[in-house]
Amino acid sequence: MGRVSGKVALVTGAARGIGRAQAVRLAEEGADIVALDLCGPVETVVIPPATPEDLEQTVRAVEKTGARVVAATADVRDGAALRAAADRAVDELGGLDVVCATAGITSSAPGLQLTEEQWRTMLDVNLTGVWQTCKATAPHLIARGGGSMILTSSIAGLRGLVGVAHYTAAKHGVVGLMRSLAQELAPHGIRVNSVHPTNVDTPMIQNDMVRRSFRPDRENPTREEFAEAARTMNMLPIPWVEPVDIANASLFLASEEARYITAVTLPVDAGSTQR
């Protein structure tokens, strides 16, 4: 225990899924948490959005560990609002050491059938939102004398996926952003890395849209039918990983165990990128 004791970590997309798991896992290992989420719908996204109640559940889970937590609603596309929320929380908690840029969306259509709104919204949230998060938080890490940024990409940041060209483009963009920021922030003692999950058992995949894309032979695929198809993506015989698996990788990258690791793309993918 205590692998990030005394540190403060900011997590976007903290209301549920990977973001919640990161917030709780870092708190379990001693960090105080800034938990940010939009807690509302995003245009072009058909799956139910995270809610204020979801964010409050994250707060309770973090508080249960004994850590301090400051939560706020913020849209990662809005740089001014994001900076204001981060600044207030950092002032309250006394600094910032770790950033998990995790907020993201999904939608689906063949690449040449995507609407301009689908394309624009995807890049605004999944790429520009990550840049806005880094821009809002880097001054605090610099003031602290160093730190760690973990950018949540995807296996779609390392390979092409069918039916999600806009998502794939955004996640590849996150890798380029990570590599440039790693160069630029290294003189300040800041490490920047990305994590690349395969399917993760969260609402982002456990919905009718994604299930039907994996099982077009079924009108209303069940979780079990979806799992059968999802297993074919991975080298290990599992359909998906759990949010805590991504949180554990993020914890490692945030900790002193990874003190000399920067500019790496870390797959947590059950071998998916090597199939």
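Residues numbered from 1 in each chain as written. Predicted model: local features only at pLDDT ≥ 70, side-chain atom pairs only at ≥ 80, totals over all residues. Heavy atoms only, no water.

Caption draft 1: Region of the structure containing the packing of aromatic side chains. Evaluation of the coordinates by the stated rule reveals two aromatic pairs. Note on phenylalanine 214 and phenylalanine 226: the rings are 5.1 Å apart at their centroids and 65° apart in plane angle, and the pair reads as edge-to-face. Taken as a pair, phenylalanine 214 in helix α6 (residues 208-214) and phenylalanine 226 in helix α7 (residues 223-230) lie far apart in primary sequence, 12 residues in all. The exposure class assigned to phenylalanine 214 is partly exposed, which follows from its relative accessible area of 22%. Seen in terms of ring centroids, phenylalanine 226 and tryptophan 240 are 5.1 Å apart; in terms of plane orientation they differ by 45°. Their pairing is tilted. You can see phenylalanine 226 sitting in helix α7 and its partner tryptophan 240 sitting in the loop between α7 and α8 (243-254), a full 14 residues away along the chain. Of the two residues, phenylalanine 226 and tryptophan 240, neither departs from the other in class, the shared state being buried. In textbook terms, an aromatic cluster arises when at least three aromatic residues are bridged by ring pairs, as seen for Phe214, Phe226 and Trp240. (Phe/Tyr/Trp six-rings, centres within 6.5 Å; stacked < 30°, edge-to-face > 60°. Helix = DSSP H or I, 4+ residues; strand = E, 2+ residues; numbered from the N terminus. Buried < 20%, exposed > 50% of the residue type's maximum accessible area, 1.4 Å probe, protein only.)

Caption draft 2: Quick look at the UniProt feature "domain: Ketoreductase" (unreviewed entry) in the protein chain. Per the UniProt annotation, the sites labelled "domain: Ketoreductase" (unreviewed entry) are residues 7-198. Secondary structure within residues 7-198 divides into 47% helix and 18% strand; the distance between the first and last C-alpha atoms comes to 29 Å. (UniProt positions renumbered as here; feature names shortened; annotations may be inferred.)

Caption draft 3: Molecular detail of the pattern of salt bridges. By the definition in use, this model includes 14 salt bridges. The closest approach of N and O atoms between arginine 3 and glutamate 257, which form a salt bridge, is 2.8 Å. Here glutamate 257 lies in the loop between α8 and β7 (265-268) and arginine 3 lies in the segment before β1 (8-12), a separation of 254 residues in the sequence. Of the residues examined, arginine 3 reaches a relative accessible area of 31% and is grouped as partly exposed. Close ionic contact of glutamate 116 with arginine 120 constitutes a salt bridge, the shortest N to O distance being 3.6 Å. Note that glutamate 116 and arginine 120 are positioned in helix α4 (residues 116-144) at a spacing of four residues, about one turn of the helix. Of the residues examined, glutamate 116 reaches a relative accessible area of 64% and is grouped as exposed. Connected through shared salt-bridge partners, Arg215, Asp217, Arg218, Glu225 and Glu228 make up one network. (Salt bridge = Lys/Arg side-chain N within 4 Å of Asp/Glu carboxyl O.)

Caption draft 4: Here's a closer look at α7. Considered for burial, the residues of α7 that qualify are Phe226, Ala227, Ala229 and Ala230. Down the axis of α7, the sector holding all buried residues measures 165°, keeping them to one side. (Arc of directions from axis to C-beta.)

Caption draft 5: View of unusual backbone geometry. Even without a glycine there, the phi angle at cysteine 39 is positive, about 55°. Among the secondary structure elements, cysteine 39 is positioned in the loop between β2 (32-37) and α2 (52-64). Even without being a glycine, alanine 263 presents a positive backbone phi close to 65°.

Caption draft 6: Region of the structure containing the pairing of strand β6 (residues 190-197). Buried residues dominate β6, accounting for eight of its eight residues. Taking every second residue as pointing to the same face, both faces of β6 are buried, with Ile190, Val192, Ser194 and His196 on one and Arg191, Asn193, Val195 and Pro197 on the other. Note that strand β5 (residues 147-152) and β6 share six bridges and pair parallel. Note that in β6 the partner of glycine 147 across the bridge is isoleucine 190. Sheet topology note: the β6/β7 ladder contains four bridges and is parallel. Residue pairing in the sheet places proline 197 in a bridge with valine 268 of β7. (Pairing = 2+ DSSP bridges.)

Caption draft 7: Representation of the side chain of glutamine 118 in the model. You can see glutamine 118 is positioned in helix α4. The class of glutamine 118 is buried, set by a relative accessible area of 14%. Here threonine 115 takes part through its backbone nitrogen, which lies 2.9 Å from a polar atom of the side chain of glutamine 118. Filtering out sequence-adjacent residues up to four positions away, glutamine 118 remains in contact with Thr44, Ser107, Ser108, Ala109, Gln113 and His166. (Polar contact = N/O pair within 3.5 Å; in protein donor to acceptor, adjacent residues only side chain to side chain. Contact = heavy atoms within 4.5 Å.)

Caption draft 8: Quick peek at the packing of helix α3 (residues 79-93) against α4. One way to put it is that α3 packs onto α4 with a least axis distance of 9 Å and a crossing angle of 35°. Crossing geometry of α3 relative to α4 is assigned as right-handed. Mapping the contact onto sequence places Gly79, Leu82, Arg83, Asp87 and Val90 in α3 and Gln132, Thr133, Ala136 and His140 in α4. Taken together, the residues of the contact of α3 with α4 sort by class into three nonpolar, four polar and two charged. (Axes fitted to C-alpha atoms, helices over the stretch in contact; angles between N-to-C directions. Left-handed = near helix turned anticlockwise from the far one by under 90°. Nonpolar A, V, L, I, M, F, W, Y, C, P; charged D, E, K, R; others polar.)

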